[in-house]
Amino acid sequence: MKSRAQLAAEAIVEKLRAEGHDAYFAGGCVRDMLLDRVPEDFDVATSARPDVVLDLFPRTFAVGAHFGVLLVADEIDGEEIVTEVATFRSDGAYSDGRRPDEVRFSDSAEEDVIRRDFTINGMLLDPQILKETGNLPEATLDFVGGRDDLAAGVVRAIGNAEKRFAEDKLRMLRAVRFAARFGFVIEPVTEAAIRTHAESIGQVSCERIRDELTRMLTEGHARRAFELLDQTGLLKQVLPEIDRLHGVEQPPQYHPEGDVWIHTLLLLEKLTEGASPTLAWGALLHDVGKPATFERAPDRIRFNGHVEVGVRIAAEICRRLRFSNEETAQILALVENHMRFGDVERMKESTLKRFFRLSRFPEHLELHRMDCLSSHGDLTLYDYARQRFAATPEEAVKPKLLVTGEDLIAAGYKPGPEFKQMLTAAEDAQLEGRIQTKAQGLALVRRNFPV
Ligand code: ATP
Ligand code: MG
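Residues numbered from 1 in each chain as written. Chains lettered and ligands numbered in written order. Predicted model: local features only at pLDDT ≥ 70, side-chain atom pairs only at ≥ 80, totals over all residues. Heavy atoms only, no water.

Draft legend 1. Up close: the domain arrangement of the protein. What the domain assignment reports for the protein is domain 1 (1-145), domain 2 (153-238), domain 3 (241-397) and domain 4 (405-448). The C-alpha-based centres of domain 2 and domain 4 are spaced at 58 Å. (Domains from an automatic or database assignment.)

Below you can see the structure in the form of C-alpha coordinates.
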(Lines give C-alpha, C1' and ligand atoms only; values in the text may rest on other atoms or scores of the structure.)
(Ligands and ions follow the chains in the order given, each with its own letter.)
Protein backbone atom coordinates (compact mmCIF):
# COMPACT_ATOMS: atom_id res chain seq x y z
CA MET A 1 0.00 0.00 0.00
CA LYS A 2 1.13 3.49 -0.83
CA SER A 3 1.87 5.83 2.02
CA ARG A 4 0.21 9.21 2.30
CA ALA A 5 3.59 10.80 1.72
CA GLN A 6 3.82 8.97 -1.60
CA LEU A 7 0.29 9.97 -2.61
CA ALA A 8 1.07 13.60 -1.81
CA ALA A 9 4.27 13.54 -3.86
CA GLU A 10 2.47 11.86 -6.78
CA ALA A 11 -0.18 14.57 -6.80
CA ILE A 12 2.50 17.26 -6.89
CA VAL A 13 4.33 15.60 -9.78
CA GLU A 14 1.08 15.24 -11.70
CA LYS A 15 0.15 18.85 -11.25
CA LEU A 16 3.59 20.11 -12.27
CA ARG A 17 3.48 17.93 -15.36
CA ALA A 18 -0.02 19.06 -16.24
CA GLU A 19 1.44 22.58 -16.33
CA GLY A 20 4.14 21.45 -18.73
CA HIS A 21 7.02 21.07 -16.30
CA ASP A 22 9.34 18.16 -15.81
CA ALA A 23 9.01 16.51 -12.39
CA TYR A 24 10.22 13.35 -10.65
CA PHE A 25 10.68 11.73 -7.29
CA ALA A 26 14.32 12.28 -6.39
CA GLY A 27 17.11 11.08 -4.14
CA GLY A 28 16.63 9.07 -0.96
CA CYS A 29 13.04 8.02 -1.65
CA VAL A 30 14.00 6.42 -4.97
CA ARG A 31 16.89 4.61 -3.30
CA ASP A 32 14.58 3.35 -0.56
CA MET A 33 11.92 2.18 -3.01
CA LEU A 34 14.52 0.23 -4.99
CA LEU A 35 15.69 -1.32 -1.70
CA ASP A 36 12.09 -2.25 -0.94
CA ARG A 37 12.12 0.01 2.11
CA VAL A 38 9.31 2.40 2.85
CA PRO A 39 10.66 5.95 2.34
CA GLU A 40 10.00 8.30 5.22
CA ASP A 41 9.59 11.26 2.98
CA PHE A 42 9.39 11.85 -0.74
CA ASP A 43 11.29 14.67 -2.37
CA VAL A 44 10.23 16.06 -5.74
CA ALA A 45 12.67 17.57 -8.24
CA THR A 46 11.26 19.73 -11.01
CA SER A 47 12.19 22.03 -13.87
CA ALA A 48 9.63 24.55 -12.58
CA ARG A 49 11.25 27.60 -11.00
CA PRO A 50 10.47 28.36 -7.34
CA ASP A 51 8.16 31.29 -8.14
CA VAL A 52 6.14 29.00 -10.43
CA VAL A 53 5.88 26.36 -7.73
CA LEU A 54 4.81 29.03 -5.24
CA ASP A 55 2.01 30.15 -7.56
CA LEU A 56 0.87 26.65 -8.37
CA PHE A 57 0.37 25.34 -4.83
CA PRO A 58 -1.66 27.35 -2.36
CA ARG A 59 0.20 26.30 0.78
CA THR A 60 3.88 26.59 0.07
CA PHE A 61 6.68 27.58 2.42
CA ALA A 62 10.11 28.75 1.47
CA VAL A 63 12.79 26.94 3.46
CA GLY A 64 15.83 26.97 1.27
CA ALA A 65 14.46 29.44 -1.29
CA HIS A 66 18.02 30.45 -2.04
CA PHE A 67 18.66 26.88 -3.20
CA GLY A 68 15.27 26.57 -4.86
CA VAL A 69 13.81 24.35 -2.15
CA LEU A 70 10.18 24.78 -1.13
CA LEU A 71 7.85 22.87 1.14
CA VAL A 72 4.43 22.12 -0.26
CA ALA A 73 1.73 21.23 2.24
CA ASP A 74 -1.29 19.15 1.34
CA GLU A 75 -3.91 17.18 3.15
CA ILE A 76 -4.20 13.47 2.35
CA ASP A 77 -6.98 11.52 4.09
CA GLY A 78 -7.18 14.22 6.70
CA GLU A 79 -3.45 14.16 7.45
CA GLU A 80 -1.18 17.09 6.76
CA ILE A 81 1.70 16.03 4.51
CA VAL A 82 4.62 18.26 3.68
CA THR A 83 6.66 17.48 0.56
CA GLU A 84 9.96 19.05 -0.38
CA VAL A 85 9.92 20.37 -3.94
CA ALA A 86 13.26 21.49 -5.35
CA THR A 87 14.00 23.11 -8.68
CA PHE A 88 16.61 21.35 -10.85
CA ARG A 89 19.85 23.12 -10.27
CA SER A 90 23.58 22.99 -10.54
CA ASP A 91 25.74 24.29 -7.74
CA GLY A 92 28.27 27.05 -8.14
CA ALA A 93 31.59 27.23 -6.34
CA TYR A 94 31.90 26.21 -2.70
CA SER A 95 34.04 28.39 -0.49
CA ASP A 96 32.90 27.53 3.04
CA GLY A 97 33.31 23.76 2.82
CA ARG A 98 29.63 23.17 3.29
CA ARG A 99 27.30 25.09 0.96
CA PRO A 100 27.57 26.43 -2.57
CA ASP A 101 28.06 30.19 -2.81
CA GLU A 102 25.34 30.25 -5.43
CA VAL A 103 23.17 27.89 -7.40
CA ARG A 104 21.98 28.06 -11.00
CA PHE A 105 18.53 26.76 -11.83
CA SER A 106 18.43 24.35 -14.69
CA ASP A 107 16.04 22.61 -17.06
CA SER A 108 18.05 19.44 -16.99
CA ALA A 109 17.27 16.56 -14.68
CA GLU A 110 20.70 15.14 -15.39
CA GLU A 111 22.40 18.32 -14.22
CA ASP A 112 20.39 18.16 -11.02
CA VAL A 113 21.51 14.61 -10.40
CA ILE A 114 25.23 15.15 -10.79
CA ARG A 115 25.32 17.76 -8.02
CA ARG A 116 23.96 15.15 -5.55
CA ASP A 117 26.27 13.28 -3.20
CA PHE A 118 26.29 9.54 -3.89
CA THR A 119 25.18 7.40 -6.82
CA ILE A 120 22.67 5.56 -4.64
CA ASN A 121 21.15 8.96 -3.75
CA GLY A 122 21.30 10.22 -7.30
CA MET A 123 18.37 8.51 -8.99
CA LEU A 124 15.05 9.90 -10.16
CA LEU A 125 11.79 8.09 -10.53
CA ASP A 126 8.89 8.75 -12.83
CA PRO A 127 5.77 7.98 -10.78
CA GLN A 128 3.56 8.00 -13.87
CA ILE A 129 5.55 5.25 -15.56
CA LEU A 130 5.53 3.35 -12.30
CA LYS A 131 1.76 3.64 -12.14
CA GLU A 132 1.35 2.47 -15.73
CA THR A 133 3.82 -0.40 -15.69
CA GLY A 134 4.25 -1.27 -12.05
CA ASN A 135 7.90 -1.81 -12.99
CA LEU A 136 10.19 0.01 -10.60
CA PRO A 137 13.47 -0.33 -12.52
CA GLU A 138 11.75 0.79 -15.72
CA ALA A 139 10.44 3.91 -13.99
CA THR A 140 13.89 4.79 -12.64
CA LEU A 141 16.10 7.39 -14.32
CA ASP A 142 19.67 6.56 -13.52
CA PHE A 143 22.37 8.81 -14.99
CA VAL A 144 25.06 7.85 -12.50
CA GLY A 145 25.05 4.06 -12.15
CA GLY A 146 23.13 4.20 -8.89
CA ARG A 147 21.22 0.99 -9.52
CA ASP A 148 24.37 -1.07 -9.99
CA ASP A 149 25.91 0.40 -6.86
CA LEU A 150 22.74 -0.22 -4.92
CA ALA A 151 22.72 -3.84 -6.06
CA ALA A 152 26.41 -4.24 -5.24
CA GLY A 153 26.11 -2.50 -1.89
CA VAL A 154 28.47 0.37 -2.63
CA VAL A 155 28.50 4.00 -1.50
CA ARG A 156 30.27 5.89 -4.29
CA ALA A 157 30.59 9.63 -4.74
CA ILE A 158 29.06 11.01 -7.91
CA GLY A 159 31.83 12.36 -10.17
CA ASN A 160 35.24 13.16 -8.76
CA ALA A 161 35.26 12.06 -5.14
CA GLU A 162 38.12 14.36 -4.15
CA LYS A 163 36.29 17.33 -5.53
CA ARG A 164 32.94 16.38 -4.06
CA PHE A 165 34.31 16.14 -0.51
CA ALA A 166 36.37 19.29 -0.97
CA GLU A 167 33.11 21.09 -1.83
CA ASP A 168 31.04 19.88 1.09
CA LYS A 169 32.71 18.19 4.06
CA LEU A 170 29.44 16.98 5.53
CA ARG A 171 29.27 14.41 2.73
CA MET A 172 32.05 12.49 4.46
CA LEU A 173 29.84 11.79 7.46
CA ARG A 174 26.90 11.06 5.20
CA ALA A 175 28.96 8.42 3.35
CA VAL A 176 29.67 6.67 6.64
CA ARG A 177 26.08 6.94 7.77
CA PHE A 178 24.64 5.44 4.58
CA ALA A 179 27.26 2.68 4.45
CA ALA A 180 26.47 1.72 8.04
CA ARG A 181 22.73 1.96 7.63
CA PHE A 182 22.58 -0.27 4.57
CA GLY A 183 25.53 -2.52 5.40
CA PHE A 184 27.33 -1.21 2.30
CA VAL A 185 31.02 -0.69 1.68
CA ILE A 186 32.44 2.70 0.78
CA GLU A 187 33.98 2.38 -2.67
CA PRO A 188 37.81 2.56 -2.35
CA VAL A 189 38.38 5.79 -4.30
CA THR A 190 35.58 7.46 -2.36
CA GLU A 191 37.01 6.16 0.91
CA ALA A 192 40.52 7.34 0.04
CA ALA A 193 39.10 10.79 -0.70
CA ILE A 194 37.42 10.85 2.69
CA ARG A 195 40.71 9.98 4.33
CA THR A 196 42.35 12.84 2.47
CA HIS A 197 39.76 15.36 3.57
CA ALA A 198 38.97 14.02 7.03
CA GLU A 199 41.05 16.70 8.72
CA SER A 200 38.79 19.41 7.37
CA ILE A 201 35.57 17.97 8.83
CA GLY A 202 35.80 20.78 11.40
CA GLN A 203 34.47 23.15 8.75
CA VAL A 204 31.07 21.59 9.34
CA SER A 205 29.14 23.14 12.23
CA CYS A 206 29.24 21.28 15.54
CA GLU A 207 25.46 20.90 15.51
CA ARG A 208 25.52 19.19 12.12
CA ILE A 209 28.32 16.88 13.20
CA ARG A 210 26.39 16.04 16.36
CA ASP A 211 23.20 15.33 14.45
CA GLU A 212 24.99 13.04 11.99
CA LEU A 213 26.64 11.15 14.86
CA THR A 214 23.35 10.86 16.70
CA ARG A 215 21.73 9.40 13.61
CA MET A 216 24.58 6.91 13.25
CA LEU A 217 24.14 5.93 16.89
CA THR A 218 20.39 5.44 16.70
CA GLU A 219 19.82 3.73 13.36
CA GLY A 220 20.66 0.26 14.62
CA HIS A 221 24.14 0.00 13.08
CA ALA A 222 26.18 2.10 15.45
CA ARG A 223 29.08 -0.32 15.70
CA ARG A 224 29.57 -0.41 11.94
CA ALA A 225 29.27 3.38 11.76
CA PHE A 226 31.98 3.87 14.38
CA GLU A 227 34.26 1.31 12.74
CA LEU A 228 33.92 3.25 9.51
CA LEU A 229 34.52 6.58 11.26
CA ASP A 230 37.66 5.02 12.67
CA GLN A 231 38.82 3.56 9.34
CA THR A 232 38.34 6.80 7.47
CA GLY A 233 40.17 8.94 10.01
CA LEU A 234 37.02 10.90 10.84
CA LEU A 235 36.76 9.60 14.40
CA LYS A 236 40.08 11.18 15.38
CA GLN A 237 38.74 14.50 14.14
CA VAL A 238 35.21 14.54 15.52
CA LEU A 239 35.69 12.55 18.73
CA PRO A 240 39.40 12.32 19.60
CA GLU A 241 38.39 11.25 23.12
CA ILE A 242 36.81 8.09 21.68
CA ASP A 243 39.73 7.47 19.36
CA ARG A 244 41.89 7.31 22.51
CA LEU A 245 40.01 4.20 23.71
CA HIS A 246 42.05 2.15 21.23
CA GLY A 247 44.59 -0.10 22.89
CA VAL A 248 43.61 0.77 26.44
CA GLU A 249 44.00 -2.64 28.08
CA GLN A 250 41.51 -3.88 30.69
CA PRO A 251 41.74 -6.53 33.43
CA PRO A 252 40.91 -9.78 31.61
CA GLN A 253 38.97 -11.25 34.53
CA TYR A 254 36.35 -8.53 34.21
CA HIS A 255 36.81 -7.72 30.56
CA PRO A 256 37.61 -10.87 28.58
CA GLU A 257 36.47 -9.05 25.42
CA GLY A 258 39.56 -6.87 25.08
CA ASP A 259 40.45 -3.19 25.24
CA VAL A 260 38.15 -0.26 25.96
CA TRP A 261 37.58 0.42 22.26
CA ILE A 262 36.40 -3.15 21.65
CA HIS A 263 34.25 -3.01 24.77
CA THR A 264 32.64 0.24 23.59
CA LEU A 265 32.02 -1.18 20.11
CA LEU A 266 30.27 -4.16 21.70
CA LEU A 267 27.94 -1.76 23.51
CA LEU A 268 27.26 0.17 20.32
CA GLU A 269 26.39 -3.10 18.62
CA LYS A 270 23.56 -3.52 21.12
CA LEU A 271 21.92 -0.19 20.37
CA THR A 272 18.77 -0.93 18.45
CA GLU A 273 17.14 1.14 15.74
CA GLY A 274 15.24 3.96 17.40
CA ALA A 275 17.39 3.87 20.55
CA SER A 276 17.14 6.96 22.68
CA PRO A 277 19.86 9.46 21.70
CA THR A 278 20.89 10.07 25.31
CA LEU A 279 21.23 6.34 26.00
CA ALA A 280 23.26 5.98 22.81
CA TRP A 281 25.62 8.81 23.75
CA GLY A 282 25.80 7.50 27.31
CA ALA A 283 26.88 4.11 25.94
CA LEU A 284 29.48 5.71 23.70
CA LEU A 285 30.91 7.83 26.51
CA HIS A 286 30.49 5.68 29.62
CA ASP A 287 34.16 4.64 29.79
CA VAL A 288 35.66 7.75 28.22
CA GLY A 289 37.54 8.40 31.46
CA LYS A 290 39.49 5.13 31.27
CA PRO A 291 42.46 6.15 29.09
CA ALA A 292 43.39 8.97 31.47
CA THR A 293 43.08 6.82 34.60
CA PHE A 294 44.70 3.59 33.38
CA GLU A 295 47.02 2.16 35.98
CA ARG A 296 48.85 -1.16 36.28
CA ALA A 297 48.30 -1.64 40.01
CA PRO A 298 50.09 -4.52 41.83
CA ASP A 299 47.01 -6.76 41.76
CA ARG A 300 45.49 -5.83 38.41
CA ILE A 301 44.83 -3.07 35.91
CA ARG A 302 42.77 -0.37 37.59
CA PHE A 303 40.98 2.78 36.48
CA ASN A 304 40.55 4.59 39.77
CA GLY A 305 38.38 7.65 39.39
CA HIS A 306 37.47 6.90 35.79
CA VAL A 307 33.86 7.85 36.43
CA GLU A 308 34.66 11.37 37.66
CA VAL A 309 37.20 11.95 34.91
CA GLY A 310 34.74 10.48 32.40
CA VAL A 311 32.03 12.89 33.49
CA ARG A 312 34.39 15.82 32.95
CA ILE A 313 35.41 14.63 29.49
CA ALA A 314 31.81 13.87 28.55
CA ALA A 315 30.78 17.33 29.72
CA GLU A 316 33.39 18.88 27.46
CA ILE A 317 32.17 16.80 24.51
CA CYS A 318 28.54 17.76 25.16
CA ARG A 319 29.52 21.42 25.36
CA ARG A 320 31.57 21.25 22.18
CA LEU A 321 28.78 19.52 20.27
CA ARG A 322 26.20 21.97 21.66
CA PHE A 323 23.89 19.46 23.26
CA SER A 324 20.94 21.01 25.09
CA ASN A 325 21.23 21.31 28.88
CA GLU A 326 18.64 18.60 29.31
CA GLU A 327 20.40 16.12 27.04
CA THR A 328 23.75 16.94 28.60
CA ALA A 329 22.38 16.32 32.08
CA GLN A 330 21.06 12.91 31.11
CA ILE A 331 24.19 11.84 29.24
CA LEU A 332 26.40 12.89 32.17
CA ALA A 333 24.09 11.15 34.65
CA LEU A 334 24.46 7.93 32.66
CA VAL A 335 28.25 8.16 32.77
CA GLU A 336 28.28 9.20 36.42
CA ASN A 337 26.08 6.38 37.69
CA HIS A 338 27.12 3.45 35.52
CA MET A 339 29.35 1.86 38.17
CA ARG A 340 26.79 2.12 40.95
CA PHE A 341 25.07 -1.07 39.86
CA GLY A 342 28.04 -2.89 41.36
CA ASP A 343 26.69 -2.00 44.81
CA VAL A 344 23.03 -2.43 44.10
CA GLU A 345 22.51 -5.58 46.18
CA ARG A 346 24.20 -3.99 49.19
CA MET A 347 22.37 -0.67 49.02
CA LYS A 348 20.21 0.35 51.94
CA GLU A 349 16.56 0.59 51.00
CA SER A 350 16.76 4.39 51.16
CA THR A 351 19.84 4.51 48.93
CA LEU A 352 18.23 2.17 46.43
CA LYS A 353 15.07 4.27 46.27
CA ARG A 354 17.11 7.42 45.80
CA PHE A 355 19.01 5.61 43.01
CA PHE A 356 15.67 4.82 41.33
CA ARG A 357 14.85 8.54 41.40
CA LEU A 358 17.41 9.20 38.68
CA SER A 359 15.52 10.70 35.81
CA ARG A 360 14.70 8.07 33.16
CA PHE A 361 16.07 5.27 35.30
CA PRO A 362 15.31 2.62 32.64
CA GLU A 363 18.08 4.18 30.52
CA HIS A 364 20.52 3.59 33.38
CA LEU A 365 19.33 0.00 33.62
CA GLU A 366 19.72 -0.53 29.91
CA LEU A 367 23.22 0.94 29.87
CA HIS A 368 24.17 -1.43 32.69
CA ARG A 369 22.71 -4.38 30.79
CA MET A 370 24.70 -3.52 27.69
CA ASP A 371 27.81 -2.96 29.80
CA CYS A 372 27.54 -6.47 31.34
CA LEU A 373 26.76 -8.18 28.06
CA SER A 374 29.74 -6.43 26.48
CA SER A 375 32.13 -7.75 29.11
CA HIS A 376 31.70 -10.62 31.61
CA GLY A 377 28.12 -11.40 30.53
CA ASP A 378 26.81 -11.80 34.09
CA LEU A 379 23.35 -10.23 34.46
CA THR A 380 22.80 -11.02 38.15
CA LEU A 381 22.97 -7.40 39.30
CA TYR A 382 20.98 -6.22 36.33
CA ASP A 383 18.19 -8.70 37.05
CA TYR A 384 18.19 -7.71 40.71
CA ALA A 385 17.98 -3.98 39.91
CA ARG A 386 15.36 -4.48 37.24
CA GLN A 387 13.11 -6.56 39.48
CA ARG A 388 13.46 -4.24 42.42
CA PHE A 389 12.74 -1.23 40.23
CA ALA A 390 9.66 -2.91 38.72
CA ALA A 391 8.41 -3.85 42.19
CA THR A 392 8.82 -0.37 43.65
CA PRO A 393 5.95 1.91 42.74
CA GLU A 394 6.53 5.62 42.16
CA GLU A 395 4.88 6.53 45.49
CA ALA A 396 7.32 4.28 47.33
CA VAL A 397 10.32 5.72 45.48
CA LYS A 398 9.34 9.26 46.33
CA PRO A 399 6.59 9.25 48.96
CA LYS A 400 5.02 12.35 50.41
CA LEU A 401 7.32 13.30 53.26
CA LEU A 402 6.11 12.54 56.80
CA VAL A 403 8.36 15.24 58.27
CA THR A 404 8.83 18.63 56.59
CA GLY A 405 10.77 21.78 57.46
CA GLU A 406 7.58 23.34 58.74
CA ASP A 407 7.09 20.41 61.09
CA LEU A 408 10.58 20.97 62.47
CA ILE A 409 9.85 24.66 63.07
CA ALA A 410 6.56 23.78 64.78
CA ALA A 411 8.50 21.33 66.95
CA GLY A 412 10.71 24.19 68.16
CA TYR A 413 13.77 23.88 65.92
CA LYS A 414 15.33 27.03 64.48
CA PRO A 415 15.89 26.91 60.71
CA GLY A 416 19.58 26.35 60.07
CA PRO A 417 22.18 24.20 58.35
CA GLU A 418 21.24 21.17 60.44
CA PHE A 419 17.76 21.09 58.92
CA LYS A 420 18.96 19.23 55.88
CA GLN A 421 20.47 16.44 57.98
CA MET A 422 17.33 16.16 60.10
CA LEU A 423 15.08 15.97 57.08
CA THR A 424 17.34 13.43 55.43
CA ALA A 425 17.37 11.29 58.56
CA ALA A 426 13.58 11.36 58.70
CA GLU A 427 13.25 10.64 55.00
CA ASP A 428 15.72 7.73 55.17
CA ALA A 429 13.73 6.23 58.05
CA GLN A 430 10.55 6.65 56.05
CA LEU A 431 12.03 5.08 52.89
CA GLU A 432 13.29 2.16 54.98
CA GLY A 433 9.90 1.67 56.65
CA ARG A 434 11.23 2.49 60.13
CA ILE A 435 8.62 5.21 60.67
CA GLN A 436 4.99 5.29 59.59
CA THR A 437 3.74 8.56 61.02
CA LYS A 438 4.75 12.19 61.48
CA ALA A 439 4.88 11.69 65.28
CA GLN A 440 7.30 8.78 64.87
CA GLY A 441 9.36 10.89 62.53
CA LEU A 442 9.57 13.80 64.93
CA ALA A 443 10.44 11.45 67.79
CA LEU A 444 13.31 10.10 65.69
CA VAL A 445 14.56 13.60 64.94
CA ARG A 446 14.37 14.54 68.63
CA ARG A 447 16.39 11.47 69.60
CA ASN A 448 19.16 12.33 67.15
CA PHE A 449 19.05 16.11 67.22
CA PRO A 450 18.22 17.50 70.68
CA VAL A 451 16.55 20.93 70.49
P1 ATP B 1 17.64 9.98 4.67
O2 ATP B 1 16.92 8.69 4.51
O3 ATP B 1 18.69 9.94 5.72
O4 ATP B 1 16.75 11.18 4.75
P5 ATP B 1 18.23 11.02 2.07
O6 ATP B 1 19.03 10.43 0.94
O7 ATP B 1 16.80 11.26 1.84
O8 ATP B 1 18.48 10.09 3.31
P9 ATP B 1 18.45 13.79 2.70
O10 ATP B 1 19.41 14.45 3.62
O11 ATP B 1 17.03 13.78 3.05
O12 ATP B 1 19.00 12.32 2.49
O13 ATP B 1 18.70 14.46 1.28
C14 ATP B 1 17.87 14.17 0.15
C15 ATP B 1 18.73 14.05 -1.10
O16 ATP B 1 19.42 15.29 -1.34
C17 ATP B 1 19.82 13.02 -1.04
O18 ATP B 1 19.33 11.74 -1.39
C19 ATP B 1 20.83 13.54 -2.03
O20 ATP B 1 20.44 13.26 -3.36
C21 ATP B 1 20.74 15.03 -1.83
N22 ATP B 1 21.68 15.55 -0.83
C23 ATP B 1 21.45 15.71 0.49
N24 ATP B 1 22.51 16.23 1.12
C25 ATP B 1 23.45 16.41 0.18
C26 ATP B 1 24.79 16.94 0.19
N27 ATP B 1 25.34 17.35 1.32
N28 ATP B 1 25.45 17.00 -0.98
C29 ATP B 1 24.87 16.59 -2.12
N30 ATP B 1 23.63 16.09 -2.20
C31 ATP B 1 22.93 15.99 -1.08
MG1 MG C 1 15.49 12.29 3.24
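There's plenty left to go through after this.
Draft legend 2. Structural view of the nonpolar core. Leu-16, Phe-226, Leu-239, Trp-281 and Leu-285 are the most contacted members of the largest nonpolar core, which totals 94 residues. Per-element tally for this core: the top contributor is helix 9 (residues 170-182), with nine residues. In this structure Leu-239 touches Leu-213, Phe-226, Trp-281, Leu-284, Ile-317, Arg-320 and Leu-321, once residues within four positions along its chain are discounted. (Core = buried A, V, L, I, M, F, W, Y, C linked by side-chain atoms within 4.5 Å. Buried < 20%, exposed > 50% of the residue type's maximum accessible area, 1.4 Å probe, protein only. Helix = DSSP H or I, 4+ residues; strand = E, 2+ residues; numbered from the N terminus. Contact = heavy atoms within 4.5 Å.)

Draft legend 3. Molecular detail of the packing of aromatic side chains. Under the definition given, this model contains 13 aromatic pairs. Judged by centre distance (6.4 Å) and plane angle (45°), the ring pair of Phe-118 and Phe-165 falls under tilted. Within this pair, whereas Phe-118 is found in the loop between helix 4 (109-114) and strand 8 (124-125), its partner Phe-165 is found in helix 8 (residues 161-167), the two being separated by 47 residues in sequence. For the pair shown, Phe-118 and Phe-165 are each scored as buried. Among the aromatic residues, those joined into a cluster by ring pairs are Phe-118, Phe-165, Phe-178, Phe-182 and Phe-184. In this structure, Arg-210 is placed above the aromatic ring of Phe-323, and the distance from its NZ or CZ to the ring centre is 5.7 Å. (Phe/Tyr/Trp six-rings, centres within 6.5 Å; stacked < 30°, edge-to-face > 60°. Lys NZ or Arg CZ within 6 Å of the ring centre and 35° of its normal.)

Draft legend 4. Quick peek at the pairing of strand 2 (residues 43-46). Sheet topology note: the strand 1 (residues 23-26)/strand 2 ladder contains four bridges and is antiparallel. Considered in strand 2, the bridge of Ala-26 is made with Asp-43. Summarising the sheet, strand 2 and strand 5 (residues 79-87) pair through four bridges and their orientation is parallel. Its bridge partner being in strand 5, Ala-45 is matched across the sheet by Ala-86. (Pairing = 2+ DSSP bridges.)

Draft legend 5. Focus on the packing of helix 12 (residues 222-232) against helix 15 (residues 260-269). With their axes 7 Å apart at the nearest point, helix 12 and helix 15 run at an angle of 140° to one another. In terms of orientation, helix 12 and helix 15 fall into the oblique class. Contacts between helix 12 and helix 15 pair Ala-222, Arg-223, Phe-226, Glu-227 and Asp-230 from the former with Trp-261, Leu-265, Leu-266, Leu-268 and Glu-269 from the latter. Here the residues of the contact of helix 12 with helix 15 are counted per class, giving six nonpolar, no polar and four charged. (Axes fitted to C-alpha atoms, helices over the stretch in contact; angles between N-to-C directions. Parallel < 35°, antiparallel > 145°, perpendicular 65-115°, else oblique. Nonpolar A, V, L, I, M, F, W, Y, C, P; charged D, E, K, R; others polar.)

Draft legend 6. Region of interest: the site of ligand 1. Residues in close proximity to ligand 1 total 16 residues, the closest being Arg-31, Asp-168, Arg-171, Arg-181 and Arg-215. Within the side chain of Arg-215, one N or O atom sits 2.8 Å away from an oxygen atom of ligand 1. Put simply, the parts of the chain that give the shell around ligand 1 at least two residues each are helix 2 (28-34) and helix 9. Looking at which element gives the most residues to the shell around ligand 1, the answer is helix 9, with five residues. Class assignment of the residues belonging to the shell around ligand 1 gives a composition of one nonpolar, three polar and twelve charged. (Near = heavy atom within 4 Å. Polar contact = N/O pair within 3.5 Å; in protein donor to acceptor, adjacent residues only side chain to side chain.)

Draft legend 7. The pattern of salt bridges, seen in detail. Taken as a whole and assessed by the stated rule, the structure comprises 46 salt bridges. Note that Glu-79 and Arg-4 form a salt bridge whose closest N and O atoms lie 2.6 Å from each other. Of the two residues, Glu-79 is situated in strand 5 and Arg-4 in helix 1 (residues 4-18); the sequence distance between them amounts to 75 residues. The partly exposed category is assigned to Arg-4, whose relative accessible area is 35%. (Salt bridge = Lys/Arg side-chain N within 4 Å of Asp/Glu carboxyl O.)

Draft legend 8. Representation of the environment of Gly-97. Following the sequence through the fold, Gly-97 ends up in the loop between strand 6 (89-91) and strand 7 (103-105). Residue class for Gly-97 comes out buried when judged on its relative accessible area of 5%. Sequence spacing of Gly-97 and Phe-165 is 68 residues, and the spatial spacing of their C-alpha atoms is 8.4 Å. Once residues within four sequence positions are removed from consideration, Gly-97 is found in contact with Ala-166, Glu-167, Asp-168, Lys-169 and Gln-203.

Draft legend 9. Just the sheet that holds strand 1, in detail. The seven strands are arranged 3-4-5-2-1-8-9 in an open sheet whose pairing can be described as mixed. Strand pairing shows two members of the sheet lacking a second neighbour, strand 3 (60-64) and strand 9 (140-141), which therefore form its edges. Two elements, strand 3 and strand 4 (residues 69-76), share four bridges in a ladder whose sense is antiparallel. Within strand 4, the residue paired with Gly-64 across the bridge is Val-69.

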